[in-house]
Amino acid sequence: MSVAQSEFRLSSQEDWIFGVKMRGSTLSLGPSGNDVALAACTCGMMVGLGALAVLTSSSGSTINGYRVENPTAMMVLGSLTVAYASWFLVSSLMVGVRADADGITLRRLWRSQRILWSSIADVRAHETVPHRWDLFTGPNISTMRMRPVTSWSVGVVALIDGTFVRLPGFHAAARDAGPSLGTPTSTELKVQALSRYRAHIAGVA
(Lines give C-alpha, C1' and ligand atoms only; values in the text may rest on other atoms or scores of the structure.)
Protein backbone atom coordinates (compact mmCIF):
# COMPACT_ATOMS: atom_id res chain seq x y z
CA MET A 1 0.00 0.00 0.00
CA SER A 2 1.36 3.39 -0.97
CA VAL A 3 1.75 6.27 1.45
CA ALA A 4 -0.75 8.31 -0.58
CA GLN A 5 -3.37 5.57 -0.28
CA SER A 6 -2.92 5.13 3.46
CA GLU A 7 -3.06 8.86 4.18
CA PHE A 8 -6.21 9.76 2.24
CA ARG A 9 -9.08 10.85 4.47
CA LEU A 10 -12.57 12.06 3.71
CA SER A 11 -13.46 15.52 4.98
CA SER A 12 -16.19 15.69 7.61
CA GLN A 13 -18.56 17.16 5.00
CA GLU A 14 -17.83 14.38 2.50
CA ASP A 15 -18.05 11.66 5.15
CA TRP A 16 -21.50 12.93 6.14
CA ILE A 17 -22.94 12.34 2.64
CA PHE A 18 -25.03 9.18 2.29
CA GLY A 19 -23.19 6.36 0.50
CA VAL A 20 -19.69 7.89 0.72
CA LYS A 21 -17.16 5.82 2.65
CA MET A 22 -13.60 4.55 2.68
CA ARG A 23 -13.16 0.77 2.61
CA GLY A 24 -9.51 0.36 3.46
CA SER A 25 -7.70 2.18 0.67
CA THR A 26 -10.72 2.13 -1.66
CA LEU A 27 -13.18 4.99 -1.97
CA SER A 28 -16.77 3.81 -2.33
CA LEU A 29 -19.50 6.17 -3.58
CA GLY A 30 -22.95 4.60 -3.48
CA PRO A 31 -26.33 5.86 -4.69
CA SER A 32 -27.64 9.20 -3.45
CA GLY A 33 -29.91 9.22 -0.42
CA ASN A 34 -32.83 10.75 -2.33
CA ASP A 35 -32.66 7.96 -4.93
CA VAL A 36 -32.64 5.30 -2.20
CA ALA A 37 -35.57 6.96 -0.39
CA LEU A 38 -37.57 7.23 -3.62
CA ALA A 39 -36.84 3.60 -4.48
CA ALA A 40 -37.83 2.45 -0.98
CA CYS A 41 -41.12 4.39 -1.07
CA THR A 42 -41.94 3.12 -4.55
CA CYS A 43 -41.08 -0.44 -3.52
CA GLY A 44 -43.24 -0.16 -0.40
CA MET A 45 -46.26 1.02 -2.37
CA MET A 46 -45.84 -1.71 -4.96
CA VAL A 47 -45.44 -4.40 -2.30
CA GLY A 48 -48.61 -3.11 -0.65
CA LEU A 49 -50.52 -3.33 -3.93
CA GLY A 50 -49.10 -6.78 -4.60
CA ALA A 51 -50.04 -7.99 -1.12
CA LEU A 52 -53.55 -6.61 -1.59
CA ALA A 53 -53.87 -8.50 -4.87
CA VAL A 54 -52.69 -11.73 -3.22
CA LEU A 55 -55.08 -11.28 -0.27
CA THR A 56 -58.04 -10.72 -2.58
CA SER A 57 -57.21 -13.88 -4.52
CA SER A 58 -58.86 -16.05 -1.87
CA SER A 59 -62.20 -17.62 -2.67
CA GLY A 60 -65.21 -15.35 -2.13
CA SER A 61 -63.22 -12.12 -1.70
CA THR A 62 -64.47 -8.81 -3.06
CA ILE A 63 -63.01 -5.45 -4.15
CA ASN A 64 -65.30 -2.42 -3.63
CA GLY A 65 -68.28 -4.75 -3.46
CA TYR A 66 -67.37 -6.63 -6.66
CA ARG A 67 -66.65 -10.34 -6.32
CA VAL A 68 -63.23 -11.50 -7.58
CA GLU A 69 -64.03 -13.79 -10.51
CA ASN A 70 -60.51 -15.01 -11.23
CA PRO A 71 -58.55 -15.40 -7.97
CA THR A 72 -55.66 -17.19 -9.70
CA ALA A 73 -55.05 -14.20 -11.97
CA MET A 74 -55.09 -11.88 -8.94
CA MET A 75 -52.54 -14.06 -7.15
CA VAL A 76 -50.26 -14.10 -10.21
CA LEU A 77 -50.61 -10.32 -10.59
CA GLY A 78 -49.82 -9.76 -6.92
CA SER A 79 -46.79 -12.06 -7.00
CA LEU A 80 -45.42 -10.38 -10.12
CA THR A 81 -45.93 -6.93 -8.56
CA VAL A 82 -44.01 -7.93 -5.41
CA ALA A 83 -41.23 -9.49 -7.51
CA TYR A 84 -40.91 -6.37 -9.67
CA ALA A 85 -40.88 -4.13 -6.60
CA SER A 86 -38.03 -6.17 -5.12
CA TRP A 87 -36.08 -6.01 -8.39
CA PHE A 88 -36.67 -2.24 -8.61
CA LEU A 89 -35.30 -1.67 -5.10
CA VAL A 90 -32.24 -3.88 -5.65
CA SER A 91 -31.49 -2.26 -9.02
CA SER A 92 -31.63 1.18 -7.38
CA LEU A 93 -29.16 0.16 -4.67
CA MET A 94 -26.63 -1.70 -6.83
CA VAL A 95 -25.15 1.35 -8.52
CA GLY A 96 -22.22 3.55 -7.68
CA VAL A 97 -18.51 4.15 -8.16
CA ARG A 98 -15.53 2.41 -6.61
CA ALA A 99 -12.14 4.12 -6.86
CA ASP A 100 -8.78 2.51 -6.18
CA ALA A 101 -5.12 3.02 -7.03
CA ASP A 102 -5.59 2.18 -10.73
CA GLY A 103 -8.84 3.87 -11.61
CA ILE A 104 -12.59 3.75 -11.08
CA THR A 105 -15.21 1.07 -11.56
CA LEU A 106 -18.71 2.23 -12.49
CA ARG A 107 -21.22 -0.23 -11.05
CA ARG A 108 -24.60 -0.64 -12.70
CA LEU A 109 -27.13 -3.42 -12.21
CA TRP A 110 -26.07 -5.74 -15.01
CA ARG A 111 -22.59 -4.53 -15.88
CA SER A 112 -19.52 -2.72 -14.67
CA GLN A 113 -17.23 -0.36 -16.53
CA ARG A 114 -13.58 0.08 -15.65
CA ILE A 115 -11.84 3.40 -16.41
CA LEU A 116 -8.17 3.92 -15.62
CA TRP A 117 -6.94 7.20 -14.16
CA SER A 118 -4.73 7.61 -17.22
CA SER A 119 -7.88 7.83 -19.38
CA ILE A 120 -9.57 10.50 -17.25
CA ALA A 121 -9.06 14.19 -17.96
CA ASP A 122 -11.38 15.56 -15.27
CA VAL A 123 -14.18 14.76 -12.83
CA ARG A 124 -17.04 17.25 -12.83
CA ALA A 125 -20.42 18.06 -11.34
CA HIS A 126 -22.87 19.28 -13.94
CA GLU A 127 -26.29 20.86 -13.48
CA THR A 128 -28.89 20.20 -16.12
CA VAL A 129 -30.66 23.26 -17.48
CA PRO A 130 -33.50 24.33 -15.16
CA HIS A 131 -36.88 24.52 -16.85
CA ARG A 132 -39.47 25.62 -14.32
CA TRP A 133 -41.68 27.92 -16.36
CA ASP A 134 -43.39 27.57 -19.73
CA LEU A 135 -44.68 30.55 -21.69
CA PHE A 136 -47.44 29.53 -24.09
CA THR A 137 -48.61 32.09 -26.64
CA GLY A 138 -51.33 31.39 -29.18
CA PRO A 139 -54.29 33.09 -30.86
CA ASN A 140 -55.90 35.40 -28.27
CA ILE A 141 -54.16 33.63 -25.38
CA SER A 142 -50.92 33.94 -23.46
CA THR A 143 -50.33 31.88 -20.32
CA MET A 144 -47.45 31.17 -17.96
CA ARG A 145 -47.35 27.71 -16.43
CA MET A 146 -45.08 26.39 -13.69
CA ARG A 147 -43.56 22.97 -14.32
CA PRO A 148 -42.12 20.49 -11.82
CA VAL A 149 -38.46 21.00 -11.05
CA THR A 150 -36.35 19.37 -13.74
CA SER A 151 -32.92 20.67 -12.85
CA TRP A 152 -30.51 18.07 -11.51
CA SER A 153 -26.94 17.88 -10.30
CA VAL A 154 -25.13 14.94 -11.91
CA GLY A 155 -21.54 13.72 -11.91
CA VAL A 156 -19.50 12.95 -15.02
CA VAL A 157 -15.95 12.03 -15.90
CA ALA A 158 -14.39 13.73 -18.91
CA LEU A 159 -12.14 11.32 -20.81
CA ILE A 160 -8.98 12.35 -22.64
CA ASP A 161 -10.63 11.41 -25.96
CA GLY A 162 -13.17 14.21 -25.43
CA THR A 163 -16.13 12.04 -24.43
CA PHE A 164 -18.05 12.10 -21.16
CA VAL A 165 -19.30 9.24 -19.01
CA ARG A 166 -22.03 9.78 -16.43
CA LEU A 167 -21.25 8.52 -12.93
CA PRO A 168 -23.97 6.16 -11.64
CA GLY A 169 -25.37 7.17 -8.26
CA PHE A 170 -24.23 10.79 -8.63
CA HIS A 171 -27.71 12.29 -8.86
CA ALA A 172 -29.29 15.02 -6.74
CA ALA A 173 -31.59 17.99 -7.09
CA ALA A 174 -29.73 21.06 -8.34
CA ARG A 175 -28.65 23.84 -5.98
CA ASP A 176 -31.65 26.03 -6.73
CA ALA A 177 -34.15 23.17 -6.79
CA GLY A 178 -33.43 20.96 -3.81
CA PRO A 179 -32.68 20.67 -0.10
CA SER A 180 -29.12 22.00 -0.43
CA LEU A 181 -30.60 25.54 -0.54
CA GLY A 182 -27.78 26.96 -2.64
CA THR A 183 -24.96 25.09 -0.89
CA PRO A 184 -22.99 22.28 -2.59
CA THR A 185 -25.22 19.35 -3.54
CA SER A 186 -24.46 15.76 -2.55
CA THR A 187 -23.31 15.20 -6.13
CA GLU A 188 -20.83 18.08 -5.88
CA LEU A 189 -19.46 16.71 -2.61
CA LYS A 190 -19.08 13.25 -4.13
CA VAL A 191 -17.25 14.77 -7.10
CA GLN A 192 -15.06 16.71 -4.66
CA ALA A 193 -14.17 13.53 -2.79
CA LEU A 194 -13.44 11.63 -6.00
CA SER A 195 -11.35 14.49 -7.39
CA ARG A 196 -9.30 14.72 -4.20
CA TYR A 197 -8.82 10.96 -4.19
CA ARG A 198 -7.68 11.06 -7.82
CA ALA A 199 -5.19 13.85 -7.03
CA HIS A 200 -3.91 11.93 -4.00
CA ILE A 201 -3.58 8.56 -5.69
CA ALA A 202 -2.72 9.47 -9.27
CA GLY A 203 -0.85 12.68 -8.47
CA VAL A 204 -3.12 14.75 -10.72
CA ALA A 205 -3.79 18.34 -9.70
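Parameters and conventions
Residues numbered from 1 in each chain as written. Predicted model: local features only at pLDDT ≥ 70, side-chain atom pairs only at ≥ 80, totals over all residues. Heavy atoms only, no water. Pairing = 2+ DSSP bridges. Helix = DSSP H or I, 4+ residues; strand = E, 2+ residues; numbered from the N terminus. Axes fitted to C-alpha atoms, helices over the stretch in contact; angles between N-to-C directions. Contact = heavy atoms within 4.5 Å. Core = buried A, V, L, I, M, F, W, Y, C linked by side-chain atoms within 4.5 Å. Buried < 20%, exposed > 50% of the residue type's maximum accessible area, 1.4 Å probe, protein only. Phe/Tyr/Trp six-rings, centres within 6.5 Å; stacked < 30°, edge-to-face > 60°.

## Thoughts on the sheet that holds strand β2 (residues 26-29)
Logical step 1: Read across the open sheet, the 5 strands follow the order β1-β2-β5-β6-β7; overall the sheet is antiparallel. Edge positions in the sheet fall to β1 (20-23) and β7 (112-116), since each of these pairs with one other strand and no more. Strand-to-strand twist across the sheet, computed as the mean angle between neighbouring axes with direction ignored, equals 20°.
Logical step 2: Running at roughly 165° to β2, helix α5 (residues 186-202) makes contact with β1, β2, β5 (96-99) and β6 (103-107) of the sheet.

## With respect to the nonpolar core
Logical step 1: I104, V157, L167 and L194 are the most contacted members of the largest nonpolar core, which totals 25 residues.
Logical step 2: At the level of elements, β2, β5, β6, β8 (120-127), β11 (152-159), β12 (164-173) and α5 are the ones that each hand at least two residues to this core.
Logical step 3: For this core, the element with the highest residue contribution is α5, accounting for 6 residues.
Logical step 4: Residues in contact with L194, not counting those within four places in the same chain, are L27, L29, A99, I104, W117, V123, L167 and F170.

## Quick word on the packing of aromatic side chains
Logical step 1: According to the stated counting rule, one finds 2 aromatic pairs in the structure shown.
Logical step 2: A ring pair is formed by F8 and Y197, whose centres lie 5.1 Å apart and whose planes are at 85°; its orientation type is edge-to-face. On the criterion of sequence distance, the pair formed by F8 in the loop between α1 (3-7) and α2 (12-16) and Y197 in helix α5 is long-range, its members being 189 residues apart.
Logical step 3: Residue classification places Y197 among the buried residues on the basis of a relative accessible area of 0%.
Logical step 4: Ring centres 6.3 Å apart and planes at 45° place the aromatic pair W117 and Y197 in the tilted group. Here the residue W117 occupies a position in the loop between β7 and β8, and Y197 occupies one in helix α5, the gap between them amounting to 80 residues.
Logical step 5: Judged by relative accessible area, W117 falls into the buried class, the value being 7%.

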